[in-house]
Amino acid sequence: MTRVRRGYTARKRRTKIRLFASTFIGAHSRLTRTTTQQKMRALVSSHRDRGRQKRDFRSLWITRINAVIRENKVFYNYSRLIPNLYKKQLLLNRKILAQISISNKNCLYMISNKIIK
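This is a predicted model, so every value here is computed, not measured.

*Asks:* Outline helix α6 (residues 105–116), listing residues and values.
*Replies:* In an α-helix, one full turn covers 3.6 residues, which means residues spaced three or four apart are oriented alike. If you check α6, its first and last C-alpha atoms are 17 Å apart, about what 12 residues at 1.5 Å a residue would give, namely 16 Å. What α6 keeps buried is the set Leu-108, Tyr-109, Ile-111, Ser-112 and Ile-115. Projection of α6 onto a plane perpendicular to its axis shows the buried side chains occupying an angular sector of 160°, all on one side. When the buried face of α6 is taken as reference, the exposed residues oriented beyond 90 degrees from it are Asn-106, Met-110 and Lys-114. Structurally, α6 contributes buried residues whose contacts are with α3 (32–72), α4 (78–87) and α5 (94–103).

*Asks:* Now, about the packing of aromatic side chains: what can you tell me, with residues and values included?
*Replies:* Inspection of the entire model under this criterion finds two aromatic pairs. The interplanar angle of 90° and the centroid separation of 6.2 Å between the aromatic rings of Phe-20 and Phe-24 together place this pair among those described as edge-to-face. Given the relative accessible area of 23%, Phe-24 is considered partly exposed. Judged by centre distance (6.1 Å) and plane angle (35°), the rings of Phe-57 and Trp-61 are tilted. Residue Phe-57 and its partner Trp-61 are located together in helix α3, separated by four residues, close to a single helical turn. A residue is classified by how much of its surface remains accessible, and Phe-57, at 39% relative accessible area, is partly exposed. A relative accessible area of 22% means that Trp-61 is categorised as partly exposed.

*Asks:* Residues and numbers for the packing of α5 against α6, please.
*Replies:* The N-to-C vectors of α5 and α6 enclose an angle of 125°; their axes lie 5 Å apart at closest approach. Comparing the axis directions of α5 and α6 gives the class oblique. Here Leu-97, Ile-100, Ser-101 and Ser-103 of α5 lie close against α6, whose contacting residues are Lys-105, Cys-107, Leu-108 and Ile-111. Taken together, the residues of the contact of α5 with α6 sort by class into five nonpolar, two polar and one charged.

*Asks:* Account for the pattern of salt bridges, with residues named and values stated.
*Replies:* Here the structure, examined in full by the defined rule, presents three salt bridges. Between Arg-48 and Asp-49 there is a salt bridge, with the nearest N and O atoms lying 3.2 Å from each other. Given the relative accessible area of 36%, Asp-49 is considered partly exposed. For Arg-52, the salt bridge is made with Asp-56, and the minimal N-O distance between the two is 3.6 Å. Here Asp-56 and Arg-52 lie together in helix α3, a separation of four residues that amounts to about one turn. According to the relative accessible area criterion, Asp-56 is partly exposed, its value standing at 37%.

*Asks:* Describe the nonpolar core, with residues and values.
*Replies:* Ranked by size, the top nonpolar core spans 14 residues in total, and within it Ile-65, Leu-81, Leu-85, Leu-97 and Leu-108 carry the most contacts. At the level of elements, α3, α4, α5 and α6 are the ones that each hand at least two residues to this core.

Reading the values: rules and limits
Residues numbered from 1 in each chain as written. Predicted model: local features only at pLDDT ≥ 70, side-chain atom pairs only at ≥ 80, totals over all residues. Heavy atoms only, no water. Helix = DSSP H or I, 4+ residues; strand = E, 2+ residues; numbered from the N terminus. Expected span 1.5 Å × (residues − 1). Buried < 20%, exposed > 50% of the residue type's maximum accessible area, 1.4 Å probe, protein only. Arc of directions from axis to C-beta. Contact = heavy atoms within 4.5 Å. Phe/Tyr/Trp six-rings, centres within 6.5 Å; stacked < 30°, edge-to-face > 60°. Axes fitted to C-alpha atoms, helices over the stretch in contact; angles between N-to-C directions. Parallel < 35°, antiparallel > 145°, perpendicular 65-115°, else oblique. Nonpolar A, V, L, I, M, F, W, Y, C, P; charged D, E, K, R; others polar. Salt bridge = Lys/Arg side-chain N within 4 Å of Asp/Glu carboxyl O. Core = buried A, V, L, I, M, F, W, Y, C linked by side-chain atoms within 4.5 Å.

Quick look at the structure:
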């Protein structure tokens with residue numbers, strides 16, 4: 001039986017992993033076994049943190065909207081504003097409301113006054 005030469009396939013696989021881990025520090029970028037472990041760990045973390053990032057941004061937008069609304073004292077808080085937005089069928093999402101509250105507070109005041117009437 002002839003000898004199987006596996007150098008090409010194995011080297012290709014290892015270089016692919018090394019390219020992924022090239023920015024890692026120390027043995028995590030040099031040793032094959034630790035690079036594969038770190039690659040798996042990095043991919044798990046990135047998958048987990050994509051969902052986490054969405055939650056963090058949503059809470060940031062809610063905090064910004066609430067701060068501006070409490071400043072104005074029209075609705076006193078965020079939890080009264082959002083249901084009334086839906087009742088009046090003003091379909092603005094939280095991201096847009098947060099951008100409006102930062103850039104143009106008067107516009108948010110106009111929206112809240114529109115809800116009151």
